[in-house]
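The lines below spell out each chain.
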Amino acid sequence: MAEYVYGRKGQCQKMNDVIPVPYLQMTMHGDIQFLSKKAEEMLHEGIKTITDCFDDESHKKLLKFMMPFEGDKSFEANVKSKNDPFLLCDIHVSWQNDYAYVVFIPISKHVKSLEEKLSDLRLRLSSTDFELFEKKEALEMAIKRLDELSGPFIPISEKIAFVPIFGDITESKMITVTGNALKSAYEGQYDEIFFDLSATGEIDLDGVKKLSELFRMLQYMNGRPVKILGVKPKHARQLNDFDVDWPVFYESSLKEVLLGSNN
């Protein structure tokens, strides 16, 4: 059966040269009447019937989906190709006037395309994850630096040091403040260390616990309790609610402490 199509310029071309997919036409008896060029390139040589195109295990499936000889059908089956005796394909069948038009779409090409897209997506996600990780690290460093600045250890004299607490008293902030305070206290050997809560905001229980641990460690190092300045009524109520028993002395202001030390 010869089949032809005409291009825009009127030149005659065989249909098997222009169909871009492996395609064949067969009779109700399974005899192959026509093969496209792509089908000739894919399928092994010498095929005469539709069953010649498939491995033995696919023959039952082929019979099931070919009958009745009408309508459109699709299924998967292993095709015997020139390069692969078990080439998995999507098979599309359309029956018209006692003839079936069969298209073979190798699934491996789809899988390869999907794998390439998936690999590209993985690379993009990895790049995004790395960028997010870098931003997370930068943010954590900025927060740590902010915590360090929120509780600076300030030497006032050879014997007196001053630690103002800015902002909320939280666990993470007190962990940072503790490290800096212990290091500075050890290096300076101060007799008096004052903590000022005048610029302190909210106080949470975990932050109070860490601050209490810091006070006890400083007391062990210096042999005397630290002193607290600037306790507001709000802070006093919160500390009372937390049932806090700090090893400290309370002073009214740093000014009075310094004036008293000069006298």
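It should be noted that the structure appears before, not after, this text.
Attention here is on the structure that accompanies the text.

1. Some remarks on the sheet that holds strand β5 (residues 72-79)
Stage number 1. Read from one edge to the other, the open sheet built from five strands follows the order β4-β3-β7-β6-β5, with strand pairing classed as antiparallel. Both outer strands of the open sheet, β4 (32-35) and β5, are each paired with one neighbouring strand and no more. Looking at each pair of strands side by side, their axes are set apart by 25 degrees on average, direction ignored.
Stage number 2. In the sheet, strand β6 (residues 87-96) pairs with strand β7 (residues 99-106) via eight bridges, with the strands oriented antiparallel. When the sheet's bridge partners are listed, V93 is paired in β7 with V102.

2. As for the packing of helix α5 (residues 171-188) against helix α6 (residues 205-222)
Stage number 1. At a closest axis distance of 8 Å, the pairing of α5 and α6 adopts a crossing angle of 10 degrees. In terms of their interaxial angle, α5 and α6 are classed as roughly parallel. Contacts between α5 and α6 involve E171, M174, I175, V177, T178, A181, L182, A185 and Y186 on the former and, on the latter, D206, G207, K210, L211, L214, M217, L218 and M221.
Stage number 2. In terms of residue class, the contact of α5 with α6 is built from 12 nonpolar, two polar and three charged.

3. So, the side chain of S81
Stage number 1. As for its placement among the helices and strands, S81 is situated in the loop between β5 and β6.
Stage number 2. A relative accessible area of 12% places S81 in the buried class.
Stage number 3. With sequence-adjacent residues up to four places away left out, S81 is seen in contact with M42, L43, H44 and L87.

4. Digging into α5
One full turn of an α-helix is made of 3.6 residues, so residues set three or four places apart face in the same direction.
Stage number 1. Over its 18 residues, α5 runs 25 Å from end to end, which matches the ideal 26 Å to within 8%, given 1.5 Å per residue.
Stage number 2. All of the buried residues along α5 are K173, M174, T176, V177, T178, A181, L182 and A185.

5. Concerning the pattern of salt bridges
Stage number 1. What the rule picks out here adds up to five salt bridges.
Stage number 2. The closest approach of N and O atoms between K183 and E187, which form a salt bridge, is 2.9 Å. Taken together, the residues span about one helical turn, with K183 and E187 both in helix α5 at a distance of four residues. For the pair K183 and E187, one class covers both residues: exposed.

6. Quick notes on the packing of aromatic side chains
Stage number 1. This structure, assessed with the given rule, holds five aromatic pairs.
Stage number 2. An angle of 10 degrees between the planes, with centres 6.3 Å apart, marks the rings of Y23 and Y101 as stacked. Note that Y23 is positioned in strand β3 (residues 23-27) and Y101 in strand β7, a separation of 78 residues in sequence.
Stage number 3. For Y23, a relative accessible area of 10% corresponds to the buried category.
Stage number 4. With a centroid separation of 5.0 Å and an interplanar angle of 75 degrees, the aromatic rings of F195 and F215 are classed as edge-to-face. With F195 in strand β11 (residues 192-196) and F215 in helix α6, the pair connects residues that are 20 residues apart, well separated along the chain.
Stage number 5. On the basis of relative accessibility, which here comes to 0%, the residue F195 falls in the buried class.
Stage number 6. Connected via pairs of aromatic rings, a cluster forms that spans Y23, F34 and Y101.

7. A few points about the environment of G188
Stage number 1. By the element assignment, G188 lies in helix α5.
Stage number 2. Given the relative accessible area of 25%, G188 is considered partly exposed.
Stage number 3. Once the C-alpha coordinates of G188 and A161 are considered, the two residues, 27 residues apart in sequence, prove to be 8.9 Å apart.

8. Here's the deal with the environment of I154
Stage number 1. For I154, the position within the fold is in strand β8 (residues 154-155).
Stage number 2. Residue classification places I154 among the partly exposed residues on the basis of a relative accessible area of 35%.

9. Description of the pairing of β7
Stage number 1. Side chains of β7 alternate between two faces, with A100, V102, F104 and P106 buried and Y99, Y101, V103 and I105 left unburied.
Stage number 2. Looking at chain direction, β3 and β7 are connected through five bridges and run antiparallel. Residue pairing in the sheet places M26 in a bridge with A100 of β7.
Stage number 3. Two successive antiparallel strands, β6 and β7, enclose a turn made up of two residues, where N97 displays a positive phi of approximately 55 degrees.

10. Details of a negative patch on the surface
Stage number 1. Together, E131, E134, E137 and E140 give the surface a local cluster of negative charge.
Stage number 2. Among the secondary structure elements, E140 is positioned in helix α4 (residues 107-149).

Definitions and cut-offs
- Residue numbers here run from 1 along each chain, matching the order of that chain's written sequence.
- Owing to the predicted nature of the model, reporting of local features is limited to residues with pLDDT of at least 70; listing and counting of side-chain atom pairs is limited to 80 or more, with chain, interface and lining totals taken over all residues.
- Side-chain descriptors were evaluated using all non-hydrogen atoms of the structure, hydrogens and water having been removed beforehand.
- A pair of strands is considered paired only if DSSP assigns at least 2 bridges between the two.
- Labels follow the DSSP assignment, with helices taken as runs of H or I lasting at least four residues and strands as runs of E lasting at least two, numbered in each case from the N terminus.
- To obtain an axis, a line is fitted to C-alpha atoms, over the contacting stretch when the element is a helix, and the angle between two such axes runs from 0 to 180 degrees between their N-to-C directions.
- Oblique is the label for every angle not falling under 35 degrees (roughly parallel), over 145 degrees (roughly antiparallel), or within 65 to 115 degrees (roughly perpendicular).
- By definition in these notes, contact holds between two residues if any of their heavy atoms fall within 4.5 Å.
- Polarity classes work like this: nonpolar for Ala, Val, Leu, Ile, Met, Phe, Trp, Tyr, Cys and Pro, charged for Asp, Glu, Lys and Arg, and polar for all others, with Gly in that last group.
- Relative accessibility under 20% of the residue-type maximum defines a buried residue, over 50% an exposed one, and the middle range a partly exposed one, all with a 1.4 Å probe and only protein chains included.
- Expected helix span is taken as 1.5 Å per residue step, with the number of steps being one fewer than the number of residues.
- The salt bridge criterion pairs a side-chain nitrogen of Lys or Arg with a carboxyl oxygen of Asp or Glu, the two atoms within 4 Å.
- Paired rings are identified among Phe, Tyr and Trp, the last through its six-membered ring, by centres lying within 6.5 Å, and are further divided according to the angle between planes into stacked (under 30 degrees), edge-to-face (over 60) and tilted (the rest).
- What goes into a patch is any residue over 30% in relative accessible area without a salt bridge, connected to like charges within 9 Å or, for nonpolar side chains (Val, Leu, Ile, Met, Phe, Trp, Tyr), within 5 Å.
- For the area figures, the Shrake-Rupley method with a 1.4 Å probe applies, and any residue is considered shielded solely by the protein chains shown.
- Charged-residue counts in this description rest on Lys and Arg as positive and Asp and Glu as negative, His and the chain ends being excluded.
- Note that the charge is assigned to NZ on lysines, CZ on arginines, CG on aspartates and CD on glutamates.

Nothing here speaks to function; it is all geometry.
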